[in-house]
Each structure stands twice: as structure tokens, then as C-alpha cells.
Amino acid sequence: MTVPEKLAALCRRMEEEGVDVYLVPTGDDHSSEYAGDYYNCRAWLTGFTGSAGTAAVACTPQGMEAGLWTDGRYFIQAARQLEGTGITLYRMGEPGVPTLAQWLETHLSRGGVLGYDGRVLPSAEVKRLSQALDGVILHRELDLVGDIWADRPARSCRPAWELDEAHAGRSRTDKLARIRAEMAEQEADCLVLPALDDIAWLLNLRGDDVACNPVVLAFSAVEPERVLLFAQPAAFDEALQKRLAADGVELAPYEEIYDYVKALPEGTTLWMDAAQAGDALWNSVPADVLLLDEESPVRLRKACKNPTELEEERRAHVKDGAALCRFLYWLKHRVGKEPITECSAAEKLEQLRKEQPGYLGPSFATIAAYGAHGAIVHYAPTPETDIPLEPKGLFLVDSGGQYLAATTDVTRTVALGPVTDREREMFTLVLRSHLALGAVQFREGCRGDGLDVVARGPLWERGLDFNHGTGHGVGCLLNVHEDPVRIRWRAMDGMPPFMEGMVVSNEPGFYEEGAFGIRTENLMACRKAVQNQYGTFLNFETLTLAPIDLDAVDPAGLDEREKDRLNRYHARVYREIAPLLPPEEAAWLKTATRPI
């Protein structure tokens, strides 16, 4: 079926159900950023494959109108993928672009019916939309895309496995005790966790139900004396079930979470985050149950890595750095001498990572973008878009790995040969931004919106910017994008201050559509720096170890302090990575990390 044929089929189902507008969000029953194939309804319907976006379809006797809302990371990609589909792209946050709520207001009158699959649309999002839709009827139990998706994949049921305490740093009984103490402080009788990474971290479980995110499809309910894990029993072998049971964790069928919530006794205080819970789950709670709509207590604890987790991250980044340095050596020495494309370059990097001990797989789909493709922030090469690399210009590669037991994410922009003055100028400007954030020292209590100006300052001084966040939290053998840590200039609800142990990316960039893209990214761990009469000051320890391409740097564009920061970083890269490389690659790394 073509996209227009799918939209026509959806309109027929909408007419049968008496629905005026139907929403198709991105995500699963757990508000995950990345969802399994079973949940890719929006991508299947619209043809837009980015990880963020919401589609809305309005069907009337006069015709069909459809729109898709996504953020700045995907403007270029979405425009290309939606071309010819009849779906209008709405660039979120841009001047004059209506929000989804404003669009719905114009397409729904009082008494109109808004339909959606309430399992996959977060309750908090429905609440926000409802405020703008006075008198609109909500029909939340409709999986209409699923009705017309004939060959829809089955829900994943891959084997679950246990991350032992030696790698996790704390046992699940210890973690549960801490969470139950917070529940007691809030006088909560039950905590329901819909978020897959929260459950995986809390119970020291990992799985393979979402590509690149080592999590298990499950809900969890934490009570004072037991934990109910609503999952697919076939994913758990007998030995793991026994170990869970010994720690008070009882398995129950995945779909029974709704019956469990509906059966909560009168007077129960239920702690559940509306931003993570699907609208269908939220509305399953009986009226006589007190709902505590607060952020999950797991999120902040998970974000602050314990000493064992931080040490795992350091070890993994040394391995990852060795793989990336071998890749950069190969790329620099082979481009122009043998056929290399975006796809084959990504495959080579994956091959080199696989040679590292403890490597489990990628942490996200590799972004390998040459030339103008680099300006598409989340471009991922496909056989249809793949292009050859030439010994000139810039090549952006953003990639990461899942290791036992850590997660990496690194971006390098590489000069494959001669670069233009404009490319060199902007590469150096982005490098200045990157170095500034990596070296910042700040008072305890600062949030990501306060730090973002440090990174964007060199660009803002020139009236330039980039249309994505400067930093995101990273899990420990979990999601590569981990809430609630963020570095971005727009404040977000629930954005916490930085705390010791948080791991965050540092990834400023610059993108010139139709020409090139530049991004330099390291991961950093927050740590205490100074404590004195003025308070506690924090700074960052850089975890990523890989050279920044000096062939694209204009030394005249850096001041002496910036040169010193880069030289000290490169000296560390050489010191820690060179012993892991063959002699000829170590000799190249010596040159690649030379002082400037």
C-alpha cells in the first residue's frame, strides 16, 4: 500500500467508528523514545521514519487532511520522506507554525470525536490537548492503524537476562529498599512503573525487546511487600524466575497490568507519572484511588551513576575509543583509494566494535553522513540514500555501543581531504563550543538550561545556532537517551539540577543545508570539583577518548586557553588508547593528537 492508500483505508475505519480526527503518535505502551517494530504505526502510516513525531488525520465528506509534527532534528528528513504523500509537515517551534493543539482546534468542533490508541499516547499529553479542546469527545481505545496493517509484526518476546551486582553496583533488593523508603515518605501504597529503562535498572534486568535499548517489555508495580512484574513469561527462563521470586518479584502476564490497576482497593494511594503512563492505563485507575502524579523516584536515582557504574563507563570508553581510532585510521588511509560509501563505513565501524571485549551491539543506528547529508541531523544511510565518500569535504559519523556494562555515544566530523574555508571556520567554531562546555565549572544547583549558553555562546556571538539539544543523559547499559538529564536552552518540565554521577553528552553542532554538517560529541560524567565558603562547585570528567580531527581545525581561530584544553585532551587520548593499537595505528594516533 502507498501512503495515500493507507490514509484512505484509515479514513474508512474512522468513518465506521464515528471519529473525526485520529492521532498517531510515536511510541509504545511505555512512552519509549524508540519502540519495537510492533509499535511503528506512525512510520508505517506516513513513511516518516524519525524517532519523534505525531501524525493527525482529519476525514470529512469534503476530503482528508493530514499533518505531521516533528522537531528540528528531523525537518530535512521529514520533508523528503513526506514528499508526495499528501501529509503536511509542521515544523515544531518555528514561527507561524500551528501547534498540534491549535490544528486540532480548527478541525474539531464541540461534540467532535478525537480518536487514538490510549495505550501509546501518554496521559500527560492528552491532558494538554484536552485543555484546548473544549467539548470534544475522546475515544481512547482505538488502534485503527493496527486494523489496516495486515502484516504487522508481532510484539517482541526476546529472552530477559540478569545484570549481576558486580556490574550493576547495587542489588535489586537494595534498590527496592531505597525506592520503598521514598514511597513511604510520599505515603504511597503502590508505585506503577511503565518506563522500560526504569524497570530494567530497578530490577537489574536487561533484554532485547527494543532495538539498541537493552530492555524487556514490561510494567512493574512496587508494593511494600512484593513487586509485580507484568511481562511475557516466555521471556524468562526458570532459573531467572526463581531468582526474582527469591527477591519478592512475582511474574504476571503483560496485559494484566490494566486489570491490576482497575482492581486497586478503595483508598489506595497510587504513585504513577502521567508523562510515562499511557492514557488508557491512567484512565483504568478507579475513582476512589488517590493518584499521585509525580515523576518516578527511579529516574533520578538511575541518572546518578554509582561508583561501579562509572567505572564500567570508563572501561567501556577505552574500548570504544580503540575501535573508533582504528576506524579513523582506516578511513583516513583508504578513502579515495578503494570504494567506501556511507553504509560500508558504518559497517566497518561496527565490525571494529565487535572485536572489542564485552561489546553487545550498537546503542543506536549509526549516523554516517557525507557532505550535504551531514546537515540532516539524524540522517541514517539506507541502500536508497547511500553515497560514496570522496577524498574531500567532511564526513560526520555519530555512533555508539552497548558494552557489558556501559553505553557509549560519540560523534566525530572528519576531513576526508581538502575542506573549504567555510567548513574549516565552522568546524573550529563548533570545537570552541565543545571545549567550553567540557571545561565549565559551576555551582551545585545549576540545570541544563543554565549551562547551555556556555556551549552556544561562540555560535550565538555570531548570530548562529543549531536546532537540537546540546546534551542528553545516557544510561549505563540502558537507553542512549536517558531522562531527565538535558542540556538545552529551553527549560523542560522536570529538568533536574546537575548532580554527581550524572552522565551527559556534549554535542554542539552546525548545519548548512545542502552543503555540510558538523558535530563534535563526547560523553561526560558530572563530579564534585571544589567545596568552599561559596558553596559546592561541580565540573565534568570527559569519558570519550578519540581524536578530534586537526586537519579541519583553524588554529588561528582558537585562543591559547582553548588550544591548551584541546592539547591536554589529545595527550590523554594518546596515553590511554595508543597501547591498544597496532604499531602503525599508534604512530598515526601520535600525529593525530599532536599539540597545536
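For the structure given in this document, a descriptive report is provided here. The structure displayed is predicted, hence computed values, not measured ones. Residue numbers restart at each chain and count upward from 1, following the sequence in its written direction. This being a predicted model, a pLDDT of at least 70 is required before a residue's local features are given, and a value of 80 or more before pairs of side-chain atoms are given or counted; all residues contribute to the totals for chains, interfaces and linings. Side-chain numbers come from the whole structure's heavy atoms, not from hydrogens or water.

Any two cysteine sulfur atoms within 2.5 Å of one another count as a disulfide. This structure, assessed with the given rule, holds one disulfide. Looking at the unpaired Cys343, the closest cysteine sulfur is the one in Cys212, lying at 15 Å. The closest cysteine sulfur to the non-disulfide-bonded Cys476 is located on Cys304, 13 Å from its own sulfur. We classify Cys476 as buried; its relative accessible area is 5%. Using a 1.4 Å probe on the protein chains alone, a residue whose accessible area is under 20% of its type maximum counts as buried, one over 50% counts as exposed, and one in between counts as partly exposed.

Glancing now at the pairing of strand β4 (residues 87-91). Here strand β3 (residues 63-70) pairs with β4 via five bridges, running parallel. Across the sheet, residue Ala66 finds its bridge partner in β4, namely Ile87. The β-α-β motif built from β3, the intervening helix α3 (residues 75-82) and the parallel element β4 has right-handed crossover chirality. Strand pairing is defined by DSSP finding a minimum of two bridges between the two strands. Secondary structure elements are taken from DSSP: a helix is a run of H or I of four residues or more, a strand is a run of E of two residues or more, and numbering for both begins at the N terminus. Consider the strands pointing away from the viewer: the crossover is right-handed when the path from the first strand over the helix to the second runs clockwise.

Moving on, we get to the sheet that holds strand β5 (residues 113-115). Reading across the sheet, the six strands line up as β4-β3-β2-β1-β5-β6 and stay open at both edges, with mixed pairing between neighbours. Of all strands in the sheet, those with a lone pairing partner are β4 and β6 (137-139), marking the two edges. Averaged over all adjacent pairs, the angle separating strand axes in this sheet is 20°, with direction ignored. Pairs of residues are marked as contacts when any of their non-hydrogen atoms sit within 4.5 Å. Axes here refer to lines fitted to C-alpha atoms; in helices the fit is confined to the stretch in contact. Angles between the N-to-C directions go from 0 to 180 degrees. Strands β3 and β4 of the sheet are contacted by α3, whose axis makes an angle of about 170° with β4.

Moving on: helix α17 (residues 448-460). For a helix, the expected span equals 1.5 Å multiplied by the number of residues minus one. Compared with the 18 Å implied by 1.5 Å per residue over 13 residues, the 17 Å span of α17 between its first and last C-alpha is a close match. Bend is the name given here to the angle between axes fitted to two runs of seven residues, the run ending at a residue and the run starting at it. Maximal helix bending in α17 amounts to about 40°, located at Val454; proline Pro458 follows within four positions. The complete set of buried residues in α17 reads Gly448, Leu451, Asp452, Ala455, Arg456, Gly457, Pro458 and Leu459. Along its buried surface, α17 packs onto α16 (421-439), β21 (442-443), β23 (482-487), β25 (509-512) and β28 (535-542).

By salt bridge we mean one thing: a side-chain nitrogen of Lys or Arg within 4 Å of a carboxyl oxygen of Asp or Glu. For the structure shown, the criterion picks out 52 salt bridges. Between Arg178 and Asp174 there is a salt bridge, with its nearest N and O atoms 3.2 Å apart. With Arg178 and Asp174 both in helix α8 (residues 172-185) and four residues apart, this pair spans about one turn of that helix. The partner of Asp197 in a salt bridge is Lys302, with the nearest N and O atoms 3.1 Å apart. Of this pair, Asp197 sits in helix α9 (residues 196-203) while Lys302 sits in helix α13 (residues 297-303), and the two are 105 residues apart along the sequence. Comparing Asp197 with Lys302, the two get one shared label, buried. Taken together, the shared-partner salt bridges in this structure form one network comprising Asp197, Asp198, Lys302, Lys305 and Glu482.

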